[in-house]
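Summary of the model geometry
Here is how the chains run, residue by residue.
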Amino acid sequence: MKLQNKTTEIREKAKKHLSPVMTRVTELVIEKAKGARFWTADGDEYIDFVSGVAVNAVGHANDAMVDAIKKQAELFIHFGLNYGYYESAANLAEKIASITPGNLDTVFFSNSGGEAIDGALKLARAATGRPGIISFEGSFHGRTLGATAITASSSKYRKYYEPILGEVHHAPYPYPSQLKGVQEEEATSYCLHQLQKIFDLRIDPSRVAAVVIEPVMGEGGYFPAPPAFLQELRKITKQHGILLIFDEVQTGFGRTGKMFAAEHSGVNPDILVLAKALSGGMPLGAIVASREIHEKWPTGGHGSTFGGNPISCAAALANIHIIEAEKLVDRSKDLGARIVERLQQSLNGIQGIKEIRGLGMMIGLEFHEDIASHAVPVIKQKCLDHKLLIMNCGIQGQTIRLMLPLNINEVDLDQGLSILENAVKDTL
Ligand SMILES: Cc1ncc(COP(=O)(O)O)c(C=O)c1O
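Anyway, here's the lowdown on the structure attached to this text.

Rules behind the numbers
- Residues numbered from 1 in each chain as written.
- Predicted model: local features only at pLDDT ≥ 70, side-chain atom pairs only at ≥ 80, totals over all residues.
- Heavy atoms only, no water.
- Salt bridge = Lys/Arg side-chain N within 4 Å of Asp/Glu carboxyl O.
- Phe/Tyr/Trp six-rings, centres within 6.5 Å; stacked < 30°, edge-to-face > 60°.
- Buried < 20%, exposed > 50% of the residue type's maximum accessible area, 1.4 Å probe, protein only.
- Lys NZ or Arg CZ within 6 Å of the ring centre and 35° of its normal.
- Near = heavy atom within 4 Å.
- Polar contact = N/O pair within 3.5 Å; in protein donor to acceptor, adjacent residues only side chain to side chain.
- Nonpolar A, V, L, I, M, F, W, Y, C, P; charged D, E, K, R; others polar.
- Patch = residues over 30% accessible without salt bridge, like charges linked within 9 Å, V, L, I, M, F, W, Y side chains within 5 Å.
- Areas by Shrake-Rupley, 256 points an atom, 1.4 Å probe, with all protein chains shown as cover.
- Helix = DSSP H or I, 4+ residues; strand = E, 2+ residues; numbered from the N terminus.
- Core = buried A, V, L, I, M, F, W, Y, C linked by side-chain atoms within 4.5 Å.
- Domains from an automatic or database assignment.
- Contact = heavy atoms within 4.5 Å.
- Pairing = 2+ DSSP bridges.
- Axes fitted to C-alpha atoms, helices over the stretch in contact; angles between N-to-C directions.

Following the criterion strictly, the structure yields 20 salt bridges and no others. The network of salt bridges with common partners includes K354, E355, R357, E366 and E369.

Written out as structure tokens, the structure reads:
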């Protein structure tokens with residue numbers, strides 16, 4: 001009774017004073033989380049297949065991260081990176097330079113993914129002196145105004161904010177599995193043709209500062225871009241002096257079975273945008289580019305009070321150390337393949353499932369359009385009733401996406417997958 005009261009009190013207070021603008025997926029009141037599990041104020045225990053939307057790659061409240069956070073907090077909590085240097089930020093920038101592809105060796109720290117995207121757009125414009133930005137239909141880049149302008153995964157994200165940012169053009173994203181019977185090569189050449197049409201009809205390539213792409217589309221539906229498309233994009237952007245920006249906010253740090261999704265195609269972007277799993281839960285984003293590009297950004301042209309916060313940087317260093325020491329990138333590749341295989345077998349032949357696909361532990365379970373809007377919410381609720389938190393994505397919300405911690409243990413994994421399998425079988 002007493003616990004119930006606590007839940008009600010917190011929920012009512014939150015409902016009264018937190019803005020209703022944010023979509024609330026559940027009404028749960030969370031008290032504690034550890035690994036792939038969390039507990040509510042009512043004392044109920046859940047398995048978490050969302051990980052704070054692909055943030056907690058090493059699980060909730062990882063001991064080594066908690067230690068690093070405590071240690072840094074005892075030294076100092078905030079200083080401001082424009083008033084000097086400190087060890088956690090310098091070490092993290094060096095670490096990022098050593099693990100990112102190509103010649104990306106210089107970092108600007110922000111507080112979130114969207115903020116880092118906005119900064120990357122500013123950097124691209126400043127470095128090239130050009131206004132144009134090309135991004136892709138179905139993509140999601142965040143909620144700040146620049147990120148909103150290049151996002152095209154739902155008109156609701158843009159409604160009421162128009163006109164947002166000038167000279168943004170959207171090209172189609174090559175997701176062959178969404179177009180029945182269309183092969184990867186066909187989708188690639190169609191999308192490259194449409195990009196050329198943008199150059200021919202709307203903006204001359206010499207006026208384009210950057211092309212921004214998620215190498216694996218996240219919020220838009222968990223679609224990996226064909227490597228050949230990214231390779232062609234690299235050639236085209238180089239040819240026209242356009243900067244290629246990879247948004248790896250969701251795909252970075254082992255999620256796709258490589259440290260960065262860029263490695264699947266061998267394409268080195270000019271600017272890499274990171275956040276989410278970078279710091280495993282502390283607010284942090286990063287704009288990573290070569291020294292040469294960063295030096296074209298005039299000093300004072302960008303900044304941040306909290307960006308590169310010492311605790312966030314210390315947490316990120318501990319987080320990356322765990323990913324490397326526990327070989328979680330390899331685990332993501334192997335375990336991801338095993339999960340996809342298990343789901344393909346256990347859900348084999350069930351009407352309504354369009355495709356089960358994955359790249360590492362970025363796994364999508366896509367349903368046919370005609371049933372998705374009814375079936376997916378029912379499956380989500382059934383999972384929640386059985387104490388599993390899952391989330392969906394896709395333009396019609398048609399894909400259940402699994403974002404498990406990369407170090408999830410076998411017991412939590414098996415229990416969670418069984419709940420999901422039963423919910424799907426029970427619904428379809
Ligand atoms: C690919 C991608 N870019 C950018 C963002 C925005 O990140 P944040 O919510 O930290 O601003 C997200 C968030 O879901 C994302 O998935």
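Bringing the packing of aromatic side chains into the picture now. Overall, the coordinates contain 10 aromatic pairs when judged by the stated rule. Judged by centre distance (5.2 Å) and plane angle (70°), the rings of F253 and F260 are edge-to-face. The same class applies to F253 and to F260, which are both buried. Through pairs of rings, three or more aromatic residues link up here, namely F136, Y173, Y175, F223 and F229. For K32, the ring lying beneath its charged end belongs to W39, and the centroid distance is 5.2 Å.

Taken together, S112, G113, G114, F140, H141, G142, E214, D247, V249, Q250 and K276 make up the full set of residues adjacent to the ligand. One of the side-chain nitrogen or oxygen atoms of D247 is found 2.7 Å away from a nitrogen atom of the ligand. Looking at the shell around the ligand residue by residue, the class counts come to 2 nonpolar, 6 polar and 3 charged.

Turning to a nonpolar patch on the surface, a few remarks are in order. Together, L145, Y160 and Y161 make up a nonpolar patch on the protein surface, roughly 400 Å² of accessible area in all. Tracing the chain through its elements places L145 in helix α6 (residues 145-150). The exposure class of L145 is exposed, given its relative accessible area of 52%.

Ranked by internal contacts, the top residues of the largest apolar core, which has 90 residues, are F253, I339, I379, L402 and L420. Broken down by element, the residue count for this core peaks at 7 residues, all from helix α11 (residues 310-325). Mapped onto the domain boundaries, this core takes at least three residues apiece from domain 1 (2-58 + 327-427) and domain 2 (63-325). In this view, L420 contacts L365, I379, C383, L388, I390, I400 and L402; residues no more than four positions away in its chain are not counted. Residues I117, A120, A209 and A210 belong to the second largest nonpolar core, which totals 26 residues.

Across the sheet, 7 strands lie side by side as β4-β12-β11-β10-β7-β5-β6; this open sheet has mixed pairing. Each having just a single partner strand, β4 (106-110) and β6 (168-171) make up the two edges of the open sheet. Across the sheet, the mean angle from the axis of one strand to that of its neighbour is 20°, orientation sign disregarded. The pairing of strand β5 (residues 132-136) with strand β7 (residues 208-213) spans 3 bridges and is parallel. The residue of β7 that forms the bridge with I133 is A210. Contacts from helix α7 (residues 184-201) reach β5, β6 and β7 within the one sheet, and its direction differs from that of β6 by about 150°.

The next thing to look at is unusual backbone geometry. Between E162 and P163 the backbone carries a cis peptide bond, its omega angle lying at -5°. Mapped onto the fold, P163 is located in the loop between α6 and β6. In this structure, S51 takes a positive phi of about 55° despite not being glycine. You can see S51 is positioned in helix α2 (residues 51-54).

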